[in-house]
Amino acid sequence: MEKTSPENSPQAEKKKSTWVRKVFIVLVILFLALQLYPVDRKNPEVVADLIAPDDVKSILRRACYDCHSNETKWLWYSYIAPVSILIERDVRLGRERLNFSEWGDDYDEEDTPEMFLDECWESIETGEMPLWFYLPPHPEAVLTEKDLNILRTWCGADELEDEDEDESEVEKEHDHNDHGNKKEKKSEDED
Ligand code: HEC
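Residues numbered from 1 in each chain as written. Predicted model: local features only at pLDDT ≥ 70, side-chain atom pairs only at ≥ 80, totals over all residues.

(A) Up close: the site of the ligand. Around the ligand lies a shell of 18 residues, among which Cys 64, Cys 67, Gly 94, Met 129 and Pro 130 are the nearest. Every element with two or more residues in the shell around the ligand is listed here: helix H3 (65-68), helix H4 (83-97) and helix H5 (112-125). Along the lines of polarity and charge, the residues of the shell around the ligand split into eleven nonpolar, three polar and four charged. (Near = placed C-beta within 6 Å. Helix = DSSP H or I, 4+ residues; strand = E, 2+ residues; numbered from the N terminus. Nonpolar A, V, L, I, M, F, W, Y, C, P; charged D, E, K, R; others polar.)

Below, the structure is given as structure tokens:
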């Protein structure tokens, strides 16, 4: 061990280590103090849960219910600040915007697919939901192609897509409904 330069002297080393220790203690105190920040992890009563076929329901439970229902699973890290504070915020905002546990207050069972199409489908199709940072700790919430097809068919989004594609043909069909077999040829000519 060299003791020539003053920075390497035992006294300097000692000073440095007490300084590091002080910073560490302050950080620990801040961390502990942050745990006192009140976080509301209550799950209100399920008033009128969304009614949907089992396959649809299990997808939504997997991918959306932690933030958009009154059945949030509060995992261990939701008890540790600052993560807990961020999670509580997402659940609060998520429920305010859309709550599957109170869905039936506003809509009947038979209206549900259409309301889902109006309110939710776009956020799923564009990949906006589920929120990206939710996915790494919840790989089960990643929506597969199969999941997307189930939701698309249930809410009727696939019919909309077909309609868009068929629109020109449908128009022709109305105009020339007496020669159906010429329909395709005609639309090709006119396009
Ligand atoms: C990690 C929590 C979380 C998950 C999981 C989640 N959301 Fe959200 N969602 C939110 C939050 C927070 C908002 C409110 C965003 C805002 O107001 O800026 C929101 C907003 C929305 C909105 C409103 C969008 C808008 O533009 O205002 C819809 C619709 C929605 N979510 C649907 C879903 C669906 C469907 C799923 C499941 C496939 C899902 N969310 C999963 C947290 C989540």
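Once the structure has been displayed, the description carries forward.
(B) Structural context of the nonpolar core. Counting 19 residues, the largest nonpolar core has Val 56, Cys 64, Phe 100, Leu 151 and Trp 154 as its most contacted members. Taken together, the elements giving at least two residues each to this core come down to helix H2 (54-63), H3, H4, H5 and helix H6 (145-155). In this view, Val 56 contacts Ile 150, Leu 151 and Trp 154; residues no more than four positions away in its chain are not counted. (Core = buried A, V, L, I, M, F, W, Y, C linked by C-beta atoms within 7 Å. Buried ≥ 20, exposed ≤ 12 C-beta atoms within 10 Å, placed from the backbone. Contact = placed C-beta atoms within 7 Å.)

(C) Spotlight on the packing of H5 against H6. The N-to-C vectors of H5 and H6 enclose an angle of 145°; their axes lie 9 Å apart at closest approach. For H5 against H6, the interelement crossing comes out left-handed. Of H6, the residues touching H5 (which contributes Pro 113, Phe 116, Leu 117, Trp 121 and Ile 124) are Leu 151, Trp 154 and Cys 155. Residue composition of the contact of H5 with H6, by class: eight nonpolar, no polar and no charged. (Axes fitted to C-alpha atoms, helices over the stretch in contact; angles between N-to-C directions. Left-handed = near helix turned anticlockwise from the far one by under 90°.)

(D) How the structure looks around helix H1 (residues 10-34). Taking 1.5 Å per residue as the helical rise, H1 with its 25 residues ought to reach 36 Å, and the 36 Å between its terminal C-alpha atoms agrees with that figure. The element H1 is largely exposed, with a buried count of zero among its 25 residues. (Expected span 1.5 Å × (residues − 1).)

(E) Inspection of the confidence of the model for the protein chain at higher detail. In this model, the protein chain carries a mean pLDDT of 86, and residues with pLDDT of at least 70 account for 81%. The secondary structure element of the protein chain with the lowest average pLDDT is helix H8 (residues 183-190), at 46, and the one with the highest is H3, at 98. Of the regions scoring below 50 in pLDDT, residues 177-188 engages in ten contacts with residues more than four places distant in sequence or in other chains. (pLDDT = per-residue confidence, 0-100.)

(F) Looking closely at the environment of Asp 55. With respect to the helices, strands and loops of the structure, Asp 55 is situated in helix H2. Each C-alpha atom, one on Asp 55 and one on Ile 150, is 7.5 Å from the other, the two residues being 95 residues apart in sequence.

(G) Geometry of unusual backbone geometry. Of note, the amide linkage connecting Ala 81 to Pro 82 takes the cis form, showing an omega dihedral of 5°. Here Pro 82 is to be found in the loop between H3 and H4. With omega at -10°, the peptide bond leading from Met 129 into Pro 130 counts as cis. Mapped onto the elements of the fold, Pro 130 is located in the loop between H5 and H6.

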